[in-house]
Amino acid sequence: MSDENTPAVKRGLDILDAAAEAARRRDRLDLVERAEAAKARLRAPGVTVVVAGEFKQGKSTLVNSLLNAQISPVDDDLATTVPLLVGYADPASANVLQEDPEDSDVIHDRPIRPEDIGSWVSESTNPGNHLKVQIAKIGLPRRLLSAGLELVDTPGVGGLESAHGRSTMAALPMAEAVLFLTDSSQAFTASELGFLEQAVGLCPTVAVVMTKTDLYPEWRRIRDENQQYLRERDLDLPMVPVSSSLRQTAIGRSDETLNAESGYPELVKFLRENVVSDAEKTALRAAANDVYSIVDQLESIMESERAILADPDRAAELTRQMETAKERADRLRTAASRWHTTLNDGISDLTSDIDHDLRSRTRQLIAEVEATIEAGDPTDMAEELPPMVEQRLMEDIAENYTDLSQRAEELAARVEEHFAGEESDLTAGLKIAAPVKALERAGRLEFDIAERPGFGENLLTGMRSSYGGMLMFGMLGSFIGMATFGPLSLGAGVLMGRKGAKDEKQRQLTFRRQQAKQGIRKYIDDVTFRVSKHSRDTLRGIQREIRDTNMERASELQTTAGEALSNAQRTYKTTQQEAKTRLADLDKALDHVRRVRTATSELLERDT
Amino acid sequence: MSLADGARDLLEHARVAYQGHPAEAEVTALATRLNDPLRVAIAGKVKAGKSTLLNALVGERLAPTDASECTRVVTWYRDGVTYRVTLHPMQGEPIPAPFRREDGALDIDLGGRPHTDINEIEVEWPSASLRRMTLIDTPGIDSLSTDISARAEKFLAPEDDVPTAADAVLYLMRHLHAGDVRFLESFHDEEVAQATPINAIAVLSRADEIGVARLDAMASARRIAHRYRGQTKVRRLCQTVLPVAGLLAETAVTLNESEFRRLRQLAALDRDRIDELLLSVDRFVADYPDLEVLPIERSELLDRFGMFGVRLSIALLRQDKVTTASQLAIELAQRSGLNELRSVLSEQFSARADVLKARSVVVALEDLILRSPPAESEALDTALERFQASAHEFAEIRLLNAIRLGSVGFSAEEIEVAERLLGAGGNAVAHRLGVELEVGLDEQRALALELHQRWQRRGESPLSTRDVVEASRILSRTCEGILAGLAAVSR
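For clarity, every value in this text was computed on a predicted model and none was experimentally measured.

### Looking at the overall build of chain A
1) Next: In terms of regular secondary structure, chain A is built from 21 helices and nine strands.
2) Next: With 608 residues in all, chain A has 55% of them scored as buried.
3) Next: Across chain A, contacts joining residues at least 24 apart in sequence account for 83% of those joining residues at least 6 apart.
4) Next: Accessible surface, chain A: about 26,200 Å² in total, of which carbon and sulfur atoms supply 49%.

### Observations concerning the packing of aromatic side chains
All names here are of chain B.
1) Next: If you walk through the whole model with that rule in mind, you get five aromatic pairs over all chains.
2) Next: Ring centres of F387 and F394 lie 5.8 Å apart, and the angle between their planes is 80°; this geometry places the pair in the edge-to-face category. As far as burial versus exposure is concerned, F387 and F394 are alike and both buried.
3) Next: In textbook terms, an aromatic cluster arises when at least three aromatic residues are bridged by ring pairs, as seen for Y83, F99 and W125.
4) Next: A cation over an aromatic ring shows up here: R273 above the ring of Y288, its NZ or CZ 5.1 Å from the ring centre.

### Digging into the nonpolar core
Residues and elements named next belong to chain B.
1) Next: Within the largest apolar cluster, 93 residues are counted, with the highest numbers of intra-cluster contacts made by L57, L170, L341, F349, L365, F410 and W455.
2) Next: When residues no more than four places from it in sequence are discounted, the contact partners of L341 are L53, L57, L170, V203, L242 and V244.
3) Next: One finds Y171, V241, L248 and L301 within the second-largest nonpolar core, a separate group that totals 59 residues.

### Structural notes on the pattern of salt bridges
1) Next: Applying the stated criterion across every chain, the model contains 70 salt bridges over all chains.
2) Next: For R131 of chain B, the salt bridge identified is with D79 of chain B, shortest N-O distance 3.1 Å. In this pair, R131 of chain B sits in helix α4 (residues 128-132) while D79 of chain B sits in the loop between β2 (74-78) and β3 (84-89), placing the two residues 52 residues apart along the sequence.
3) Next: A relative accessible area of 25% means that D79 of chain B is categorised as partly exposed.
4) Next: Residues joined by salt bridges that share partners form a network here, namely R253, D255 and E261 of chain A together with E276 and R283 of chain B.

### Brief notes about the environment of A48 of chain B
Residue and element names in this part refer to chain B.
1) Next: Residue position: A48 is located in the loop between β1 (38-44) and α3 (50-58).
2) Next: On a C-alpha basis, the gap between A48 and R174 in space is 6.1 Å, while along the polypeptide they are 126 residues apart.
3) Next: If we ignore the near neighbours within four places in the chain, the residues touching A48 are L172, R174, S205 and R206.

### A look at the packing of helix α11 (residues 257-267) of chain B against helix α14 (residues 295-318) of chain B
The description of two helices packed together rests on the angle between their axes and the distance between the axes.
Residue and element names in this part refer to chain B.
1) Next: Relative to each other, α11 and α14 sit at 55°, their axes nearing to 10 Å. In terms of orientation, α11 lies oblique with respect to α14. When the axes of α11 and α14 are compared, the crossing they make is right-handed. Residue-level contacts link E259, F260, R262, L263, R264, L266 and A267 of α11 to E297, R298, E300, L301, R304, F305, S313, I314, L317 and R318 of α14.
2) Next: The residue makeup of the contact of α11 with α14, split by class, is eight nonpolar, one polar and eight charged.

### Observations regarding the sheet that holds strand β8 (residues 205-211) of chain A
The strands that make up a sheet are held in pairs by hydrogen bonds between backbone atoms, and each pair lies either parallel or antiparallel.
All names here are of chain A.
1) Next: The mixed open sheet is built from nine strands, whose spatial order is β4-β3-β5-β2-β6-β1-β7-β8-β9. Unpaired on one side and paired on the other, β4 (107-112) and β9 (239-241) mark the two borders of the sheet. When strand polarity is set aside, the average angle formed by the axes of neighbouring strands in this sheet is 20°.
2) Next: Where strand β1 (residues 47-53) meets strand β7 (residues 177-183), five bridges bridge the pair, whose relative direction is parallel.

### So, the environment of N550 of chain A
Residue and element names in this part refer to chain A.
1) Next: Structurally, N550 can be placed in helix α20 (residues 502-571).
2) Next: By relative accessible area, which is 1% here, N550 ends up buried.
3) Next: In this structure the C-alpha to C-alpha distance between N550 and V415, which are 135 residues apart in sequence, comes to 8.8 Å.

### Concerning the sheet that holds β1 of chain B
Residues and elements named next belong to chain B.
1) Next: In spatial order, the strands read β4-β3-β7-β2-β8-β1-β9-β10-β11; together these nine strands make up an open sheet with mixed pairing. The outermost strands of the open sheet, each flanked by one partner alone, are β4 (95-96) and β11 (241-243).
2) Next: Pairing of β3 with β4, which is carried by two bridges, proceeds in the antiparallel orientation. Counterpart to T86 in the pairing with β4 is P96.
3) Next: Along the sheet, helix α8 (residues 217-229) contacts β9 (168-173), β10 (200-204) and β11; its crossing angle with β11, the most-contacted strand, is approximately 175°.

### Let's talk about the pairing of strand β6 (residues 105-108) of chain B
1) Next: Here four bridges tie strand β5 (residues 99-102) of chain B to β6 of chain B, and the two strands are oriented antiparallel to one another. Its bridge partner being in β6 of chain B, F99 of chain B is matched across the sheet by I108 of chain B.

### Section: unusual backbone geometry
1) Next: Note the cis peptide between D90 of chain A and P91 of chain A, where omega equals 0°.
2) Next: Structurally, the position occupied by P91 of chain A is in the loop between β2 (84-88) and β3 (93-99).
3) Next: For R206 of chain B, which is not glycine, the phi torsion reads 45° and is therefore positive.
4) Next: Position of R206 of chain B relative to the elements: it lies in the loop between β10 and α7 (207-210).

Criteria and thresholds
- Residues numbered from 1 in each chain as written.
- Chains lettered and ligands numbered in written order.
- Predicted model: local features only at pLDDT ≥ 70, side-chain atom pairs only at ≥ 80, totals over all residues.
- Heavy atoms only, no water.
- Helix = DSSP H or I, 4+ residues; strand = E, 2+ residues; numbered from the N terminus.
- Buried < 20%, exposed > 50% of the residue type's maximum accessible area, 1.4 Å probe, protein only.
- Contact = heavy atoms within 4.5 Å.
- Areas by Shrake-Rupley, 256 points an atom, 1.4 Å probe, with all protein chains shown as cover.
- Phe/Tyr/Trp six-rings, centres within 6.5 Å; stacked < 30°, edge-to-face > 60°.
- Lys NZ or Arg CZ within 6 Å of the ring centre and 35° of its normal.
- Core = buried A, V, L, I, M, F, W, Y, C linked by side-chain atoms within 4.5 Å.
- Salt bridge = Lys/Arg side-chain N within 4 Å of Asp/Glu carboxyl O.
- Axes fitted to C-alpha atoms, helices over the stretch in contact; angles between N-to-C directions.
- Parallel < 35°, antiparallel > 145°, perpendicular 65-115°, else oblique.
- Left-handed = near helix turned anticlockwise from the far one by under 90°.
- Nonpolar A, V, L, I, M, F, W, Y, C, P; charged D, E, K, R; others polar.
- Pairing = 2+ DSSP bridges.

This is the structure we're talking about:
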């Protein structure tokens with residue numbers, strides 16, 4: 001697995017090892033555990049790449065060819081109906097998240113055989129997704145995936161302007177990159193460009209993949225035209241032409257030249273160098289945060305002990321300061337602490353704001369739809385109105401959800417900042433407590449906290465997994481096709497032509513309008529109800545994640561402060577000879593942790 | 001009185017009513033329209049292969065085709081005594097335009113006018129195919145230049161209830177997108193007499209690409225077309241869905257000897273060698289000095305046949321299924337789906353041309369009366385109403401439409417029989433009765449009698465709802481018409 005990691009990551013892993021070792025020497029198993037968790041995250045940073053595009057552009061084929069596996073069944077006609085997540089696992093494993101047939105709020109996580117995955121996601125065996133699968137996941141032992149890459153094959157049914165296209169939008173804020181597929185038979189259509197323009201706003205990396213270059217002699221001209229269209233819209237997007245059929249033949253024959261012709265090596269290179277490496281940088285910054293935090297804590301314990309040993313006269317004063325620091329750390333763990341209040345208030349504000357936003361959006365949608373129905377005859381709209389409603393609703397939900405994710409991130413940062421304030425108070429107390437020149441703390445004092453990566457970065461990386469963004473995406477998909485009026489009774493009106501009694505026609509029309517309005521309102525209510533439940537659950541999950549992470553941090557700080565205090569108290573009983581040996585040991589250990597810090601700063605400067 | 005006679009009679013009333021009226025010329029134009037061939041518009045999204053299919057139907061490379069959007073102006077192709085191109089500008093009189101043919105395709109000189117100034121182009125071309133139906137090439141919808149897109153929509157589905165200039169439409173699509181359905185819907189407007197799936201046929205154009213140019217691609221496309229045909233949404237909008245490999249069809253009807261010779265040379269290569277060439281377009285046109293067929297010639301083949309056409313032709317040649325150019329042409333036309341499309345066109349559109357044209361004329365006349373009523377309109381109104389009420393063909397169309405909308409309470413089996421009887425499977429009497437053309441007259445008569453009784457009983461049943469009663473009445477009248485026709489033939 002490690003052969004997939006870049007030198008920077010390897011170096012980061014080594015540094016984390018060194019930090020863990022330092023913590024182990026001081027019996028701080030909590031900090032050792034933190035270093036280990038950071039290592040796992042750094043090794044596979046979790047890069048989600050959404051594969052999007054109009055249907056029949058070869059999305060499933062691309063995923064299959066990229067990984068040399070038959071994951072999604074490829075069919076000329078039938079399409080993928082369920083979003084499929086492909087990630088790393090050794091040995092291969094798969095599961096589906098399936099709605100309970102009785103209660104749509106209950107989701108079952110069912111393990112399935114990896115070779116059966118196709119039958120859960122394809123229209124041929126799961127028509128109209130009657131199995132109610134929200135999302136299918138498969139893990140495969142592939143080198144490309146081992147660096148944390150996760151591909152999402154999206155259902156492209158019905159075109160980008162449709163509700164399915166909208167539900168894909170909902171997945172974009174969760175993703176690190178979008179691969180947008182368009183085949184080489186023709187240049188971008190208006191709806192494709194529209195999608196791209198929106199995607200660029202929602203996702204940091206968007207690339208265009210032109211498929212089926214083996215079939216269209218004019219593909220180079222189409223590529224140039226596409227580039228021209230992008231330039232006209234100020235979209236600076238990389239474009240990779242590929243041929244899946246050449247790739248598959250090349251793999252079958254182990255033919256390197258043909259593989260190069262397929263364009264796939266370019267695509268892999270793009271994923272590695274642009275997508276995975278961006279995620280890697282974020283992961284490195286997060287790992288550095290962990291190292292700093294571990295090193296800071298180890299250092300402050302040792303510093304405090306050293307300060308007292310070096311200047312026993314100030315022992316009483318220093319001990320008092322440490323007691324204050326410990327009290328502060330203790331307080332961090334209680335429910336009354338300030339960060340707790342910020343978090344709880346923030347979540348409840350957010351919950352009600354998001355709910356209110358969703359409700360006012362749907363209220364407006366209902367009003368608009370009802371006005372449309374009033375203005376005409378529902379019979380004429382039976383085909384176009386429900387998809388229109390679906391699409392508008394998906395749009396509203398996607399925006400609402402994007403809002404939720406952004407504000408949740410802001411909240412997490414706010415809580416952590418607040419928390420970080422407490423933490424720096426703690427260390428600041430110690431710093432003032434040990435103003436001894438002999439400690440050579442110059443380097444430490446120069447180290448400005450602002451130089452560090454943004455607060456909240458670690459929490460965000462952890463939080464993304466609990467977002468349920470992909471789940472939301474899957475859930476949105478399951479609403480599509482729900483909005484039907486049922487067979488509208490036209491009565492004999494149509495056959496009677498214009499001679500029908502006027503009153504009777506009017507009466508029937510009023511009845512049809514009522515029926516249609518009720519149908520639409522019920523659909524919107526059902527969807528809103530489930531989405532708002534999902535949002536609440538998501539926010540609860542986010543709250544739990546933020547709380548647990550910060551609690552762990554608080555408990556580490558408490559241990560640190562406690563240890564510093566008990567060390568200080570112990571030094572009262574030390575003899576001079578013992579103190580001398582102890583000082584030498586401490587200097588060595590301090591030197592070790594400082595070197596770890598320096599290495600981390602160097603790594604950050606060079607590689608991120 | 002036949003429907004065509006009835007329509008002529010109606011227009012005679014209109015002529016009288018509009019004598020000396022500013023709109024007199026419009027009435028005269030309607031009379032001409034009734035006598036002209038059926039007007040069939042070819043519509044669809046950008047790059048759906050509209051011009052290519054038009055060429056295949058005409059049997060000549062007439063409309064320019066290339067990989068970028070090329071039809072920018074609505075272009076009429078009609079039969080003429082001589083070769084002539086006329087520009088109809090947005091403002092002013094029609095202008096004759098000079099033209100050249102480049103590789104067969106027309107290169108029309110707009111005389112420096114921007115295409116936005118041209119409303120329509122009219123191409124008159126002596127051609128047997130165009131004598132049967134006038135074809136109208138339209139710009140693609142979902143075009144990136146919105147004004148081109150808007151032009152197609154304006155022509156095919158004008159707003160404000162202005163009737164369309166086409167009597168029927170061939171709608172080309174690559175797959176069934178939501179946008180395609182929306183478009184087909186807009187072609188049908190609310191007026192009961194006009195909205196009908198009877199005048200639309202959907203074509204899965206570029207059908208070979210659905211199966212990514214594999215040799216069995218057309219079988220795959222046929223399966224897909226069959227599935228679409230069964231969908232209620234599609235059935236409401238069009239008669240049927242057919243797969244056609246447009247480029248292959250065009251090439252099949254215009255294949256020349258030198259192309260055939262080159263294909264034969266390629267087919268004679270080693271199996272491995274030819275497989276290697278056919279892997280991708282880049283390989284197919286690459287510079288191999290040892291090959292007799294030059295890269296430029298191979299590139300031309302690719303432009304004409306597409307990857308599927310090249311693969312298919314070479315496979316046919318290697319298996320000795322064809323040995324001459326004309327055999328290859330016949331085989332390719334057959335496999336492209338063109339023959340099937342032609343026969344459906346003649347069954348569904350040509351055989352019903354009178355009904356479709358009469359319908360267009362009635363709608364146009366209604367619109368004219370509304371827009372600029374004649375001084376004395378009562379007699380014309382009465383004639384119009386009488387014609388609409390008495391034309392059983394219109395009632396049939398309305399009923400077929402209602403059935404497809406799912407608003408008649410028939411069982412699935414009844415729907416099948418009723419649709420067939422209304423001519424959904426072909427306008428010939430035998431087809432309406434659900435038997436082969438060869439079946440004897442006596443047997444046909446017996447069948448018609450049986451059906452007549454069946455629908456009469458259904459209409460009289462106290463359990464039938466009002467819509468079923470009404471529908472059954474129309475169906476039994478259809479049977480009466482068939483019986484009268486059969487009686488006339490036997491005499």
